[in-house]
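Survey of secondary and tertiary structure
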Amino acid sequence: MNLIIIIVLSVVMVVMAITAIIHKKLAVAVIATGVVSLMASVMYLLMAAPDVAMTEAAIGSGLSTIIFFYVLNKIRKAK
Amino acid sequence: MIKNFFIIAILAGLAAIFVTLFWDFGDSETLTPLATHYATNGATEVGAPNLVTSIVVTYRGFDTLGEVTILFLVASIVSFFLKREKVQKEIAPKRETSEIILTAAKLLVPIVMLLGVYVFINGHLTPGGGFQGGAIIATAFVLLLMANPDFEINHKIIATVESVSGIAFVLIGVLGILLAGGFLDNKVLPLGTFGKIFSAGAIPLIYSFVGLKVGSELSNILSNLQGVQKEEM
């Protein structure tokens, strides 16, 4: 069961990482990196590292996504 | 052409590094001597059920101080470069916040903050700790700012909380030199009963200060970034 979840998570992670690189819209790319972090945090939980999982979920998928959006908005205005 | 060559060379170098790492990777059946010491004596020496916390706060407490310092530097550099102009220009009309986010923010912000406080106070008992708790508190501020973009976090309160908790963290460390075995030793306070909330010496105190410090620093970065959104370049 665990193995199936891990395989699904890693497939989603790889697809989202590639999306983040090749997608033309930057907003979609930022969301995709957030999803990669979220899946990574579930993966850490499955690998018995709940401390790291909490950090990844809060900082990786929460804070860094919103900071990217703030910066994107700022750059758009500067253009 | 040369640029492409460099990119390919760097990628090949990275591939070589990772392939050797992958080949050397294997399940280790035994712990290293240091890990064995932590696993066998950690509970009696530090008195915290969560071994990760006892390593992060006590055995490797100096590293934690360094990490907190790095975060402090980042927060101050961000606020230095995003210095807000006094005169705010007129705000462009913006979309109203959706009803779902408004209601969810009202309901969830207090609960998320409470969860953050729970995580760093229980750092020595359950997974989590100061950094995680502080980050969770900052995500509560994210929700608040998304629901109400004009909300301003009081900078005086944040700066006071941040500096007081930073000084208290170092003071507890220095008290460790005077009263116990060394810098950031947790035996400043009695170890107490194993598994109770007031146990493991100074760890709950240190982690509360780290949590407050990290939470206020991250919220400060957020509020600085939010403050410059209205400015026209």
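By convention here, each chain's residues receive numbers from 1 onward along its written sequence. Ligands are numbered from 1 and chains lettered from A, in the order in which they are written. Whole-chain, interface and lining totals are the exception, using all residues; otherwise, since this is a predicted model, local features are given only for residues with pLDDT of at least 70 and side-chain atom pairs are given and counted only at 80 or more.

Points about the overall build of chain B
The way it works is that DSSP assigns letters per residue, a run of H or I at least four long becomes a helix, a run of E at least two long becomes a strand, and they are numbered from the N terminus. The secondary structure content of chain B amounts to eight helices and zero strands. Listing each helix as α and each strand as β along chain B from the N terminus yields α-α-α-α-α-α-α-α. Radius of gyration here is computed from C-alpha atoms only, and the compact-globule reference equals 2.2 Å multiplied by the residue count raised to the power 0.38. Taking 17 Å as the expected radius of gyration for a compact globule of 233 residues, we find that chain B reaches 23 Å, considerably beyond that expectation. If you line up chain B on its principal axes, its C-alpha atoms span 65 × 55 × 35 Å. Taken across its 233 residues, chain B has 33% of its residues classed as buried. The contact criterion used here is simple: two residues whose C-beta atoms, placed from the backbone, lie within 7 Å are in contact. Of the contacts made within chain B by residues no fewer than 6 positions apart, 69% connect residues no fewer than 24 positions apart. Three exposure classes are used, based on other C-beta atoms lying within 10 Å of a residue's own C-beta, which is placed from the backbone: buried for 20 or more, exposed for 12 or fewer, and partly exposed in between.

Quick look at the overall build of chain A
The helix and strand inventory of chain A stands at three helices and zero strands. Helices and strands in chain A line up, N terminus first, as α-α-α. Of all 79 residues assigned to chain A, the portion counted as buried reaches 19%. Summarising the internal contacts of chain A: among those between residues at least 6 apart in sequence, 41% fall at separations of at least 24.

Comments concerning the interface of chain A and chain B
Each partner contributes residues to the interface: chain A has 15 residues there, and chain B has 18 residues. Asp, Glu, Lys and Arg are counted as charged, while Ala, Val, Leu, Ile, Met, Phe, Trp, Tyr, Cys and Pro are counted as nonpolar; the rest, among them Gly, fall into the polar class. Within the side of chain A that touches chain B, the residues separate by chemical class into nine nonpolar, three polar and three charged.

Observations regarding the confidence of the model for chain B
On average, chain B scores 82 in pLDDT, and the residues at 70 or more come to 94%. Per the prediction output, this complex has pTM 0.81; the corresponding ipTM is 0.83. pLDDT is a residue-level measure of predictor confidence that goes from 0 to 100.

Focus on helix α2 (residues 33–46) of chain B
Residue and element names in this part refer to chain B. By this rule the span expected of a helix is its residue count minus one, scaled by 1.5 Å. Relative to the 20 Å expected for 14 residues at 1.5 Å per residue, α2 spans 18 Å between its end C-alpha atoms, a close match to the ideal helical length. Consider a residue and the seven residues that end there alongside the seven that start there; fitting an axis to each set, the bend is the angle between those axes. Bending of α2 peaks at approximately 45° at the position of T40. The positive-phi residue at the C-terminal boundary of α2 is G47, with phi of around 85°.

Quick word on the packing of helix α7 (residues 155–179) of chain B against helix α8 (residues 203–227) of chain B
Residues and elements named next belong to chain B. Fitted lines through C-alpha atoms give the axes, limited to the stretch in contact for helices. The angle between two N-to-C directions lies from 0 to 180 degrees. One can describe the packing of α7 onto α8 by two numbers: an axis separation of 8 Å at closest approach and a directional angle of 145°. Where α7 crosses over α8, the handedness of that crossing is left-handed. Here I158, V161, E162, S165, G166, A168, F169 and I172 of α7 lie close against α8, whose contacting residues are L205, I206, F209, V210, L212, K213, S216, E217, S219 and N220. Of the residues in the contact of α7 with α8, the class split is 10 nonpolar, five polar and three charged. Crossing chirality is assigned from the near helix's rotation relative to the far helix, an anticlockwise turn below a right angle marking it left-handed and a clockwise turn marking it right-handed.

Points about the packing of helix α3 (residues 51–59) of chain B against α8 of chain B
Residue and element names in this part refer to chain B. Running from N to C, α3 and α8 cross one another at 80°; their axes reach a closest spacing of 11 Å. If you check the angle between α3 and α8, you find them roughly perpendicular. Contacts between α3 and α8 pair T53, V57 and T58 from the former with I203, I206 and Y207 from the latter. For classification purposes, an angle smaller than 35 degrees is called roughly parallel, one larger than 145 roughly antiparallel, one from 65 to 115 roughly perpendicular, and anything else oblique.

Section: the nonpolar core
In this structure, L63 of chain A together with A135, A138, I206, V210 and L222 of chain B are the most contacted members of the largest nonpolar core, which totals 48 residues. Counting residues per element, the ones that place at least two in this core are α2 (26–46) and α3 (50–78) of chain A together with α3, α4 (61–81), α5 (99–121), α6 (130–147), α7 and α8 of chain B. Of the residues forming this core, the biggest block, 11 residues, is contributed by α8 of chain B. Ignoring any residue separated from it by four or fewer positions in sequence, one finds I206 of chain B in contact with V57, F169 and I172 of chain B. Here, a nonpolar core denotes buried Ala, Val, Leu, Ile, Met, Phe, Trp, Tyr and Cys residues that are linked to one another through C-beta atoms within 7 Å.

Describing unusual backbone geometry
Note: most residues except glycine have negative phi, and most peptide bonds are trans. Despite not being glycine, A48 of chain A has its phi angle at roughly 65°, a positive value. Inspection of the secondary structure assignment puts A48 of chain A in the loop between α2 and α3.

A closer look at the environment of V19 of chain B
With respect to the helices and strands, V19 of chain B occurs in helix α1 (residues 2–24). Of the residues examined, V19 of chain B has 10 C-beta atoms within 10 Å and is grouped as exposed.

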